[in-house]
Structures are given as structure tokens and as C-alpha cells.
Amino acid sequence: MRTSDFDCIVVGGGHAGVEAAHAAATIGAKTCLVTISKDTIAKMSCNPAVGGLGKGQIAREVDALGGLMGLATDATGIQFRLLNRSKGPAVQAPRAQADKYKYKDHVRMLLERTSNLTIVEAMVVQIITENSHVRAVKCSDGTIYHAPVIILTTGTFLRGLMHVGTETSGGGRLGEPAANELSESLRQIGLGLARLKTGTPPRLDARTVALEKLEVQHGDEQPTPFSFMTEGINRPQIPCWIAYTNQKMHQLLRDNLHRAPLYSGQIASTGPRYCPSIETKIVRFADKQRHQLFLEPEDEGQTTIYCNGLSTSVPKDVQEQMLKLLPGTEDARIVHYGYAIEYDYCPPMQLKPNLETKKISGLFLAGQINGTSGYEEAAGQGIMAGINATQRLQSKEPVILGRDQAYIAVMIDDLLTKGIDEPYRMFTSRAEYRLALRADNADRRLTRIGKSVGLVGEERWARFQDKLDQIEKLTEFLKSASAGAGGIRLWDELRRPGNPLAATMAEHPGVRTMNLGADILQAVAVDAKYEGYLDKQERLAANLRTLEKKKIPAGLDYGRIAHLRPEAKEKLSAFKPSTLAQASRISGITPADITVLQIHLKKTQPGQWLSEGATGRM
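What you see as residue numbers is a count from 1 along each chain, following the sequence as written. Residue-level local features of this predicted model are given only where pLDDT is at least 70; pairs of side-chain atoms are given and counted only at 80 or more, and the full residue set underlies all totals for whole chains, interfaces and linings. The side-chain values count all of the structure's non-hydrogen atoms but skip hydrogen atoms and water molecules.

Within this document, salt bridges are pairs made up of a side-chain nitrogen of Lys or Arg and a carboxyl oxygen of Asp or Glu, the two lying within 4 Å of each other. Summed over all chains, the structure comprises 43 salt bridges. One salt bridge in this structure joins Lys43 and Glu176, with 3.4 Å as the shortest N-O distance. Pair noted here: Lys43 is in the loop between β3 (31–35) and β4 (49–51) and Glu176 is in the loop between β13 (167–170) and α5 (180–188), with a separation of 133 residues, a long-range link. For the exposure calls, accessible area comes from a 1.4 Å probe over protein chains only, and a residue counts as buried if that area is under 20% of its type's maximum, exposed if over 50%, partly exposed in between. For Lys43, a relative accessible area of 27% translates into the label partly exposed. Residue classification places Glu176 among the buried positions, given a relative accessible area of 10%. Glu167 is the partner of Lys316 in a salt bridge, and the nearest nitrogen-oxygen pair spans 3.8 Å. Here Lys316 is found in helix α9 (residues 316–324), whereas its partner Glu167 is found in strand β13, with 149 residues between them in sequence. Taking the relative accessible area as the measure of exposure, Glu167 reaches 47% and is therefore partly exposed. One network of salt bridges, with partners in common, ties together Arg403, Asp413, Asp414, Lys418, Glu432, Glu548 and Arg585. Secondary structure counts use DSSP, requiring at least four H or I residues in a row for a helix and at least two E residues in a row for a strand, with both numbered from the N terminus.

This is the structure in C-alpha cells:
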């Protein structure tokens, strides 16, 4: 039995794993990334796209902290679009199709260039603990790797079971084995597990699709990069295509629902509400005459096409008939059939805010193992797990971002306080402070934090400092310069609804001499436009931070608190919130419950419950 020692071990090479491993190693921990195959690191096993509403903000936050996702997307993207361009900046979000082969190769290259990082090909089958502390992982070949902190990013591999009609096969995804022994190991060390389901659509041979029959969707003429380190994107972009289902296809699916695993009883797990299968759509939205589909190229050579919106697990013959009824794909050859996959996850109420498990010290979880869906949600958790694992190694306080600081924080807090009964997906509507949590200002919110923990390098930091200097210079000029004879400041002109100054600011003589980039002009224009709203949000956030500072003892017995409702005792005992603010966000907890809890803590923990814990604020 061979052994090796590391500071940090990351299990799983998906989008959570690569961010966790890169973060831990870059900060200085001797890190081992254990993955079944190096060839599948950062594999885009579902849609080869990054970003979208809420998701695009997370991707930019990962980049602002010093992560890899934005850099890889900019380097391998084949179509870029800024969503909600006609709406306000608070709900705008970047999205990009990527070449799925080049994306994973680029991420692997970035990891191989990362100091302190060793990549090992192996299957982890056991988590070894001692006295409720993590100690090592054991692989199927008998090798044991020791580390005081371990990050699990297992994706859909824990007892993964794939479905195509009545056909079932074990696997974490197509062509890769499930991690059955590791799932059992987690149960043995005391973690609770449950089941979720997700799915994927068929992939088509692009040469066999009649694209001329479809509506073309082009990318933006001036692409918006994901990384704050990217000067610009000048590569030619590849179009996507839009198609629509029809009543004949719907009827085919209705006639075969008894053969669909989701409706035959073969699958009992809950799937994603916001990305349902096509068979679920025709049942849930029976009155709709058609559903929009996006046919998206998976690579720059356009060899295969991803049928976005057509996720399914109906039998293969039904999938073939379904595509024959869709204009443009009548003669399409299916390269990979769509399938559903069920897998184990660890309900996230078992986590601390730093993503460490409450039961096992030093064991961190990130990604779909926590019940989320999507590459971006996984990456956001991965980078925070990597940061906090190294904070623990260095005996430093964890970095806990506030809901007013990042979508990543909104996601993690939701996971810990709202519970999971379906795969969690980020939306802008989940964030109370979305005016402040924009894609354009992710660096101003988070890059200082990335620098403070050692993840942001000197080149990124210098560029960020230069950007801040330019923003400050322009802001001071606009607040001091008059817009005309009326004496109105240019700054106040920018705040007026419908004023054209935001679009023409670069032409102003005083601004033109500064030779500023479009990103600086946009940042300042948005700052001016939202100044009043942001001031109001900051006051609300300050009240929230007061409750965040009020800590709840880990072992508090809620059953002994007088006047606390039975439902509140049950919910608080199950979730074990770490602060009053977190307790207030648990579903079913009322303001009256918080008042009772606050009074109890003041009586029993004077001087302790008010102690200020570490946050991500700098």
C-alpha cells in the first residue's frame, strides 16, 4: 500500500475541482488533484457554454477572485453574447459558446502550469477519518494520499445511474464509471445522502443537419470578455440556430410517456425545474403549441451540434422519430443519444458557511455534490472551497462573503438556509442586492479579497489598481465639471433618466483628453445612474451585517429555549445556523422567532454572541 502526503487533496476534475485545486495551489498549499482521467479535466459534459443570467455574474466573480473559468472561456469561445443588452446593467450578463475540446485542453494547460499542483489519475473509493477529522483518501489501486484538508467535487459520479428509455447503466457520465464505493464511504463517516436527477439532449452530426431551414442567431459584433484580464476578443464567431418543436412532436412524446423513465416510475429523483426535459415540458405546459430550441455548435469545426432545450431520456427510437419531425433535423444522425442521470448528493445543510462539513473537520464539499447545477455554480463553490481550505491550513479565519458582495455568496447562503429538493440554479432574482452585484463591477467587489488571500497575482492586481485610478479620476472630473450654463454637474446629468451623456461621454473634451477605455466610461456611467439606489441598498446591507455579526453557538440546544415555536425549534435544530442573519433566512422562521432567539442569546451568551466573525470584507 503506497502513501503520499499533501497539504490539500481535491477529488474530481470538473469545474468545481479545477477552481478548488488551482486556488489552493496558487495560494501556496501543496495540492493533489485526483481525477479519473486527465483527458476529462474541465470536460463540458452538458452544454458547452458559460454564462447566462446570474451564471454570467458568477463566472466574472470567479475571474475577479483569480480563477480560471473566464480566462478559458475567452481563449476558446466561439460565440459571445451579452444577454439583456436592452435592459439595465444590473440584469445584463455575458454568455459564450465554447469549443468543448479546446476549453478542457486550455484549463488543463493552465493547471499544468500551476506551481504546487500535482495531477493524479485514480479513482477515490474511501475517505479516511480519525476522531471526526479528515486524514486521507484511498484509491481503487490501494494508494493512500494523506492531507489535513480534502475537497470533494464529485459531480454526478456518486452512484451515478444513466437512463435511456428502459436501458440503464452505471456511470458518472457517458463512458465513465460511477463512484459507488466513495458514496458508501461518505455514508460510513456520517454524511447524509439523497438523490437528484439531471439530463442531457442528443448530439447531432452537424453535416447531417439542414441548417438553412433554421433561424440564424449571431453573436455580438463587439464581444464582451469574461475575464478582466482580456483586452478584447477578435476571433470570428460562429452562429447558433433557433428551431421550434411542433404538435406532431408533442403528440409523439405523449404517446410514449409510458416508456419515458420520468413517467414510468423508473426515475424517482427530482430533476431541475428550470431546465426540464422535453417530455416534462409537454406535460407541464400542455397548452403551449411549441417550445424554442437552440442548436448550438460544440466546437469550432462545427462537427457536432448540441440541441439546447431538448433534454430527454425517452427511448432511442423515440428520439430518432422526434428529430425526424423537427424541421432541419429530419435526416440528422444522432452521435450521442440524450439520457437522464440520477446521482447521490449531500444535502448542504450539513455544511458550514466556508463549505466545510459540520461533522468532519477538514472535509470540504463543492459543486453538484451540494445539490447545485451548472458549471458556473460549481466553479463559484470550488474557488471558495479552495480559498477556505488554505485559510484553514494557515489557521486563518474563513472568508465568508456577504449576500451584498457576490452572487457566489447568495448561492452558498441559499444552499445552507433554504434546503435543496431540486438542483439549485442561480438567477438574478435570487439576489436582493442585484443592483450592486453586476457583471461589470465583479472586480471592484472581489479582487481585493483575491489579493488578500494570495490568489490574485501581481499582473492582475496592477491592472486592477490602474482601473480604480482611472475610475476615480473620471468620477472627480464629472463631479466638478459643469454641463453647461445652468451649472449642473456632469455627474448629475448622468443621473437623469434618458440623458444621452452616458453614450456621448467619450466625446466630451475634458473626458477625451483622459484617453479612457470603454469599460471605464461604462463603470462610471453606471455608478452615477445607480448612486441613489446603491446608497439605499448599502443601508439595508449594513443592517444585515449587524445580524451577521451576531454569532450562534454551534451546540445551542434550541429545544430548551422558552417561547420558541415547535416548528422553529425543529428547523433551527436541523439547519444549525451560524448567525442570526442566517437563521432569519431559513424557510419557516419568522421575525418573532428571531426576537425570541435574540433575547435568549443576550441572556445566556453576553459578550460572546456579539463577537464579530471573519467576513470577506476588505
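So, next bit.
Peptide bonds are mostly trans, and most non-glycine residues show a negative phi. Positive phi, normally seen in glycine, also occurs at Ala42, with a value near 60°. Positive phi values are uncommon outside glycine, yet Asn515 reaches one of about 55°.

In an α-helix, one full turn covers 3.6 residues, which means residues spaced three or four apart are oriented alike. Take the residue count of a helix, subtract one, and multiply by 1.5 Å to get its expected span. When the terminal C-alpha atoms of helix α21 (residues 591–604) are compared, their 20 Å separation across 14 residues agrees well with the 20 Å that a helix rising 1.5 Å per residue should span. Looking only at α21, the buried set comprises Asp593, Ile594, Val596, Leu597, Gln598, His600 and Leu601. Contact criterion: two residues are considered in contact whenever any of their non-hydrogen atoms come within 4.5 Å of each other. The elements touched by buried residues of α21 are α19 (566–575) and α20 (580–584).

Here we take up helix α4 (residues 100–112). Taking 1.5 Å per residue as the helical rise, α4 with its 13 residues ought to reach 18 Å, and the 19 Å between its terminal C-alpha atoms agrees with that figure. At its buried positions, α4 is contacted by α1 (15–27), β3, β4, α3 (69–76), β6 (93–98) and β7 (117–121). Residues adjacent in sequence count toward polar contacts only when both atoms are side-chain atoms; beyond that, a polar contact is any pair of N or O atoms within 3.5 Å, and within protein one must be able to donate a hydrogen and the other to accept it. The N-capping residue of α4, defined by a side-chain oxygen 3.0 Å from the backbone nitrogen of Tyr101, is Asp99.

All right, on to the pairing of β3 then. Every regular strand shows the same layout, with side chains that alternate between the two sheet faces. Along β3, five of the five residues are buried, which leaves the element largely enclosed by surrounding structure. On β3, burial covers both faces: Thr31, Leu33 and Thr35 on one face and Cys32 and Val34 on the other are all buried. Two strands qualify as a pair provided DSSP detects at least 2 bridges between them. Pairing geometry for strand β2 (residues 8–11) and β3, over four bridges, is parallel. Bridge assignment links Cys8 to a residue of β3, and that residue is Thr31.

For the rest of this paragraph, the subject is the sheet that holds β3. One open sheet holds the five strands; their spatial order is β7-β3-β2-β11-β22, and the pairing between them is parallel. Every other strand in the sheet has two partners, leaving β7 and β22 (363–365) as the edge strands with one partner each. On average, each strand axis in the sheet is tilted by 20° relative to the strand beside it, whichever way the strands run. Here strand β11 (residues 149–152) runs beside β22; their pairing, made up of three bridges, is parallel. When the sheet's bridge partners are listed, Ile151 is paired in β22 with Phe364. Seen against the sheet, helix α10 (residues 375–393) touches β2, β11 and β22 and runs at an angle of roughly 170° to β11. Axis angles are defined between N-to-C directions and span 0 to 180 degrees, where every axis is a line fitted to C-alpha atoms and, for a helix, only to the segment in contact.

Bear in mind that shape data such as this cannot, by itself, settle questions of function.
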